[in-house]
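If you want the building blocks of each chain, they are given just below.
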Amino acid sequence: MILSEGEARELGTKLLSYSRAETAVAEISGWSRLNVRLACNTVTTDGEDEGFHCRVESSFGKRRGEAAGNKADPNDLAALVRRSEEVARVSPEDPEFLPPPGAQTYPPAKGYSSEAARLSAKDLAEKGQTVLAAAQAKRVVGAAFLECESSFSAYTATTGLWVFQQATRLQYTVSARTRDGEGAGWAASAAYSPNEISLPVLVERAMEKALRSRHPQPLAPGSYTVLLEPSAVCDLVGMLLFSLHARPADEGRSFLSRPGGKTALGETLFSDLISLRSDPEDAVAPGSIYSTDGLPATPRVWIDQGKLQELIRPRFWAQEKKAPTIPEPTNLLLSGSDRSTEELIQRIDRGVLVTRLWYIRTVDPRTLLLTGLTRDGTFWIEKGKIAHPVNNFRFNESPVTLLKNALALGKPEATVGSEVDDLPARVPALVAKEFTFSSVSQAS
Amino acid sequence: MSISRRKFLQSLAAGLLGGGAPLAAATSEGRSSRREEAARLAEAALDAARTAGAGYADVRVLFSESEVLSAREERIENVEVSASSGLGVRVLVNGVWGFSSASVLDPAHASACSRSAVEMAKSNRALATQRVELERVEARIDRWRVPIEQDPFSIPLDQKAEELLGINAAARAAGAPFCRSFFLFVRQEKFFASSGGSFLEQLFFRTYPRLTVTATDPGTGRFANRSSFLPPRAAGYEYIRLHDWKQEARQAAEDASRKLKAKPVAAGKKDLVLHPTNLWLTLHETIGHSTELDRAFGYEAGFAGTTFVKPADRGHLRFASEIVTVMADRDQPGGLATAAYDDDGMPARYARFPIISRGRFENFQMAIGQSRWIGLPHSNACSFAEGHAYFPIQRMPNISLQPSQQDVSLEELIAGVEDGVYIVGDGSWSIDQQRKNFQFGGQLFYEIRKGKLGEMLRDVAYQSTTVPFWNACDGLGGVKEYWLGGTLSCGKGQPVQSAPVSHGAVPARFRGIQILNTGRGI
């Protein structure tokens, strides 16, 4: 269900008019999604979904309650408001409650494409043909997930806050396996506009990786120079970005905590090549224009040439610490260079190229140690060239160490990770020394 | 199909609908009205699907409610109630699936949804190089519900909030500076109707309580967490009421404090004794996912992955040592995958089968249309869809490690270890896309020396490969040690779907497993 700004505003105004609470907040959103999934060189599933979601938060003094539903009918919305008020009345006082912010100024929303919003099931089917035709031509087993979404979201409050945005998102994931099961390749990207994503490029990349990764040679686990392609970087840096929270750092329960109640804010933790930003107006991977509590998502530098510059700090904690409120980022932008992946490879004497990572989990929050595996194309680089495919690995490494050990960056591109897959991201390939592969994975 | 639907509506009117376990609230106006509404929607959807050209169709109408209460130290952070409903229609047109969903519940939208699903299938016909063929599923009209003692939604929210604050206060009084806790309750009414003539009504309850305590050492900057061991279950509020939460909170505070001073583990190959609060997750990842037939045939190659288990391995692969038997089921009390029918309308009795029998791999999990891939006549009721907007795919039933026939205690297993590690509770988990190489952590770690539990350890993980690991199992606890773990959020499919599933296990001993020391400097 897609509403225009006028329709959403009318709905939001009506919704808040039902409120008898001291303050009320409403978040409304709707979407229209299409998908088709391929595997084994055939279509497997598909789907169409039209949805609506509304969440209302009401407060009386410091008592607060939330109710959510998926119906846009006025009677249902009135019932939702009443339910949130009932919940608020029986909830204990929240000493950290703050009334919703007032009216804010937002950047213009950049993440909508009318062309993307018009894509139909037939259009997706045609794209599926591109994948199947290439799989047949290259004699590989193809798989793909092609998804398009058009959506709107709005945040409003009785304090006068109002923000609305429309967005589109196309996400294409292509996988290929050789018929003998020895080789596997993968490529994926996401974009708000069809002009920013090329399915044929992804198809070519995934199938070439599959064909090149057959018959991997054994390589022992150990500490290696790595070239992580953008998807792998997106996962590791994305998991770092969403760990940059001020409160646990201040409270002594974060890898950013320091003895004596201090934090790592202001420390140079990473290589000076590393600058990590978020900016809702990024031309390639624009983010939501609002964030936590409906606050504007403004451009922000989290890491500047290796120095930790900002931590996420919600309003209450900002007030406690007499420090600025820093809402969560809504996209992920990592600095880079003009170098292509091939140019990065040329600079490596001996190392491992990683296409993507898989099943990444936190092992130790004290060091942000993560474990996971390589997948769908792992290669040995020798004397500036890809020498041959190698077995997959399990890694145990912290993104803090990874970014400290960064040696070179490639050209940033829109990508998706295995774990960080719904945040608009533009990141480069990254070369780092001493990356810890702890055991061999025989999975192909 | 419409004749069956009309018969069904007539039987509703005559009050004849029955069968299965009785619904406690079946006579209530609300439930009866929902049943009638679901039947009307199903009839509209199935008629429209047939008219539009579907050879097979099924429809799921879902009414879901949830409550989440969370507390952080002395404050209630959040109280949120949620209600949603919708329907999803799946059609098969010339061997190609189509799926569409709607959240507006009226017959016109239901019909439109079916027509969209048929259009979707027709749009994708050119992509189909293989046609889906379905086995016949016996038509059923039935009702069932998860048996509970106390509806969690009948307990006042302020009472639940007080309970959470009491848990946090107990942890803090025991010396923990931080404690977060939450209660999650889900009630879901699911109606399934198919063009084969089935109309099934099932009522599910899920309850998940959890606390996490953090201890800190400001002098060194060290900190340690300890979470409760209680898993989510298909249960009512009695699941919370019958547990001594304050004692658990005190114990968690004490454990977290001890973890700060625990001894770093010495890495190397050691014997391992796993408590079922840890082993359930290892079982889920290594045996549960590796034995999914869609993975074996490459249907998850693009996302969740394939599996090292091949179709030809049925009846042959020495998956585990002879003492290991792993059973699937949908009838275990408290099991999150317990149901009378799966989301293909297959009766739960088909889901009771051995996956591993005395160490040998016996059978895969299958959804409708998959059994013919390996020459079997029907699926084994292993289908699930997260919600009305999701296409049903093959998902796990409850999958459990069977206890030893002997009355073996945890202490006896530990007594058989010269140099080893004992692990309690689940921690970090990761496994490769063919379910071979895995690495798991835990919550509490103890050294075992000469058959006795020793000091608490820290920085422990174990890493192995599925088949060698299960073949290294040489001791299992008896039935008295059996414990049912589980998760609400097992992910699979694209778009990714969460599934609730339980896994029973007993303490188990494994010989010569690689233990890692995960301590690092950054």
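Residues numbered from 1 in each chain as written. Chains lettered and ligands numbered in written order. Predicted model: local features only at pLDDT ≥ 70, side-chain atom pairs only at ≥ 80, totals over all residues.

- An unreviewed UniProt entry annotates chain B as TldD protein of Methylacidimicrobium tartarophylax.

- As annotated in an unreviewed UniProt entry, chain A carries the name PmbA protein and comes from Methylacidimicrobium tartarophylax.

## Here we look at the overall build of chain B
Okay, so step 1: When helices and strands are counted, chain B shows ten helices and 25 strands.
Okay, so step 2: Since a compact globule built from 522 residues should have a radius of gyration of about 24 Å, the 24 Å found for chain B is in line with a globular shape.
Okay, so step 3: Across its three principal directions, the C-alpha atoms of chain B cover 70 × 55 × 45 Å.
Okay, so step 4: Per-residue burial over chain B gives 59% buried out of 522 residues.
Okay, so step 5: Within chain B, contacts between residues separated by at least 24 positions form 77% of all contacts whose residues are at least 6 apart in sequence. (Helix = DSSP H or I, 4+ residues; strand = E, 2+ residues; numbered from the N terminus. Rg over C-alpha atoms; globule rule 2.2 N^0.38 Å. Buried ≥ 20, exposed ≤ 12 C-beta atoms within 10 Å, placed from the backbone. Contact = placed C-beta atoms within 7 Å.)

## A look at the overall build of chain A
Okay, so step 1: Helices and strands together make up the secondary structure of chain A, namely ten helices and 21 strands.
Okay, so step 2: With the principal axes as the frame, chain A shows a C-alpha extent of 70 × 60 × 35 Å.
Okay, so step 3: Looking at chain A residue by residue over its 444 residues, the buried ones come to 56%.
Okay, so step 4: Taking as baseline every contact in chain A between residues at least 6 positions apart, the subset at least 24 positions apart corresponds to 74%.

## Some thoughts on the domain arrangement of chain A
Residue and element names in this part refer to chain A.
Okay, so step 1: Its domain assignment divides chain A into domain 1 (5-212) and domain 2 (216-444).
Okay, so step 2: Facing 31 residues of domain 1, the contacting portion of domain 2 comprises 24 residues.
Okay, so step 3: Those elements giving two or more residues to the side of domain 1 that touches domain 2 turn out to be strand S4 (140-157), strand S5 (162-178), strand S6 (184-191) and helix H5 (199-212).
Okay, so step 4: Take the side of domain 1 that touches domain 2: its biggest share by element is seven residues, from S6.
Okay, so step 5: Of the residues assigned to the side of domain 1 that touches domain 2, the class counts are 16 nonpolar, nine polar and six charged. (Domains from an automatic or database assignment. Nonpolar A, V, L, I, M, F, W, Y, C, P; charged D, E, K, R; others polar.)

## A closer look at helix H1 (residues 5-17) of chain A
Residues and elements named next belong to chain A.
Okay, so step 1: Taking 1.5 Å per residue, 13 residues should reach 18 Å; H1 reaches 18 Å between its end C-alpha atoms and fits that length.
Okay, so step 2: Listed as buried for H1 are Ala-8, Leu-11, Gly-12, Leu-15 and Leu-16. End-on view of H1: buried residues confined to an arc of 125 degrees, all on one side of the axis. Counted as exposed and oriented over 90 degrees from the buried face of H1: Gly-6, Glu-10, Thr-13 and Ser-17.
Okay, so step 3: Next to the buried residues of H1 lie strand S1 (23-39), strand S2 (42-60), helix H2 (74-90), S4 and S5. (Expected span 1.5 Å × (residues − 1). Arc of directions from axis to C-beta.)

## Some points on the sheet that holds strand S20 (residues 425-427) of chain A
Residue and element names in this part refer to chain A.
Okay, so step 1: The mixed open sheet is built from six strands, whose spatial order is S12-S11-S10-S13-S20-S19. The open sheet is flanked by strand S12 (307-308) and strand S19 (413-414), the only strands paired with a single partner.
Okay, so step 2: Relative to strand S11 (residues 300-304), strand S10 (residues 276-278) runs antiparallel, the two sharing three bridges. When the bridges of S11 are listed, Ser-278 appears paired with Arg-300. (Pairing = 2+ DSSP bridges.)

## Considerations on the UniProt feature "domain: Metalloprotease TldD/E C-terminal" (unreviewed entry) in chain A
Okay, so step 1: Within this structure's numbering, the places UniProt gives as "domain: Metalloprotease TldD/E C-terminal" (unreviewed entry) are residues 221-437 of chain A.
Okay, so step 2: Secondary structure content for residues 221-437 of chain A is 17% helix and 37% strand, and the end C-alpha separation is 5 Å. (UniProt positions renumbered as here; feature names shortened; annotations may be inferred.)

## A word on the UniProt feature "domain: Metalloprotease TldD/E N-terminal" (unreviewed entry) in chain B
Okay, so step 1: Under the UniProt annotation, the feature "domain: Metalloprotease TldD/E N-terminal" (unreviewed entry) is placed at residues 57-121 of chain B.
Okay, so step 2: With 23% helix and 65% strand, the stretch residues 57-121 of chain B has end C-alpha atoms that lie 12 Å from each other.

## Some points on the domain arrangement of chain B
Residue and element names in this part refer to chain B.
Okay, so step 1: Along its sequence, chain B is organised into domain 1 (2-252) and domain 2 (263-517).
Okay, so step 2: Once you take the C-alpha centre of each, domain 1 and domain 2 turn out to be 24 Å apart.
Okay, so step 3: In this complex, domain 1 contributes 34 residues to the contact, which on the side of domain 2 involves 33 residues.
Okay, so step 4: When residues of the side of domain 1 that touches domain 2 are traced back to their parent elements, those giving at least two are strand S1 (56-72), strand S2 (75-93), strand S3 (96-102), strand S4 (141-145), strand S5 (178-194), strand S6 (199-217) and strand S7 (222-227).
Okay, so step 5: Each residue belonging to the side of domain 1 that touches domain 2 can be placed in one class, and the counts come to 16 nonpolar, eight polar and ten charged.

## Description of the pairing of S1(A)
Residue and element names in this part refer to chain A.
Okay, so step 1: Of all 17 residues in S1, twelve are buried; the element is thus mostly enclosed.
Okay, so step 2: Bridge count between S1 and S2: 17 bridges; the pairing is antiparallel. Of the residues in S2, the one forming a bridge with Arg-33 is Asp-49.
Okay, so step 3: Bridge analysis of S1 against S4 gives 14 bridges, and the strand direction is antiparallel. Its bridge partner being in S4, Leu-38 is matched across the sheet by Ala-144.

## Focus: the UniProt feature "domain: Metalloprotease TldD/E central" (unreviewed entry) in chain B
Okay, so step 1: Listed under "domain: Metalloprotease TldD/E central" (unreviewed entry) in the UniProt record, and renumbered for this structure, are residues 151-259 of chain B.
Okay, so step 2: Summarising residues 151-259 of chain B: 33% helix, 39% strand, and an end-to-end C-alpha distance of 37 Å.

## Digging into the sheet that holds strand S12 (residues 360-361) of chain B
Residues and elements named next belong to chain B.
Okay, so step 1: Spatial ordering of the open sheet is given by S12-S11-S10-S15, a layout of four strands whose pairing is antiparallel. Two strands in the sheet have a free side with no partner beyond their single neighbour: S12 and strand S15 (398-401).
Okay, so step 2: Packed onto the sheet, helix H7 (residues 276-288) meets strand S10 (326-329), strand S11 (353-357) and S15 and runs at close to 115 degrees relative to S15. (Axes fitted to C-alpha atoms, helices over the stretch in contact; angles between N-to-C directions.)

## Regarding the packing of helix H4 (residues 157-173) of chain B against helix H6 (residues 245-260) of chain B
All names here are of chain B.
Okay, so step 1: As a packed pair, H4 and H6 sit with axes 8 Å apart at the nearest point and diverge in direction by 35 degrees. H6 is crossed by H4, and the crossing has right-handed handedness. Taken together, the residues of H6 that come into contact with H4 (itself represented by Gly-166, Ile-167, Ala-170 and Ala-171) are Trp-245, Lys-246, Ala-249, Arg-250, Ala-252 and Ala-253.
Okay, so step 2: Class assignment for the residues of the contact of H4 with H6 results in seven nonpolar, one polar and two charged. (Left-handed = near helix turned anticlockwise from the far one by under 90°.)

## So, the interface of chain A and chain B
Okay, so step 1: Chain A puts 78 residues into the contact, and the matching count from chain B is 68 residues.
Okay, so step 2: Looking at the side of chain A that touches chain B residue by residue, the class counts come to 28 nonpolar, 30 polar and 20 charged.
Okay, so step 3: Where strand S3 (residues 63-69) of chain A and S2(B) come together, four bridges link them in parallel fashion. Its bridge partner being in S2(B), A:Glu66 is matched across the sheet by B:Glu80.

## Let's talk about the confidence of the model for chain B
All names here are of chain B.
Okay, so step 1: This prediction gives chain B a mean pLDDT of 94; 94% of its residues lie at or above 70.
Okay, so step 2: Note that residues 1-27 has pLDDT below 50 and, in this model, 42 contacts with residues that lie over four places away or in other chains.
Okay, so step 3: Among the prediction metrics, the complex's ipTM stands at 0.96, with pTM recorded as 0.95. (pLDDT = per-residue confidence, 0-100.)

## Brief notes about helix H4 (residues 121-138) of chain A
Residues and elements named next belong to chain A.
Okay, so step 1: An ideal rise of 1.5 Å per residue puts 26 Å on 18 residues; H4 measures up with 26 Å between its terminal C-alpha atoms.
Okay, so step 2: Looking at H4, one finds that the buried residues are Ala-121, Leu-124, Ala-125, Lys-127, Gly-128, Val-131, Leu-132 and Ala-135. Take H4 and look down its axis: the buried residues cluster within an arc of 160 degrees, on one side only. Exposed side of H4, more than 90 degrees from the buried face: Gln-129, Ala-133 and Ala-137 are the residues found there.

## Considerations on the nonpolar core
Okay, so step 1: Among the nonpolar cores identified, the biggest contains 296 residues, and A:Leu227, B:Ala42, B:Ala45, B:Ala49, B:Val91 and B:Val213 are the most heavily contacted of them.
Okay, so step 2: The contacts of B:Ala45, once residues within four sequence positions are left out, are B:Val59, B:Leu87, B:Val89, B:Ala110, B:Ser111, B:Cys113 and B:Ser114. (Core = buried A, V, L, I, M, F, W, Y, C linked by C-beta atoms within 7 Å.)

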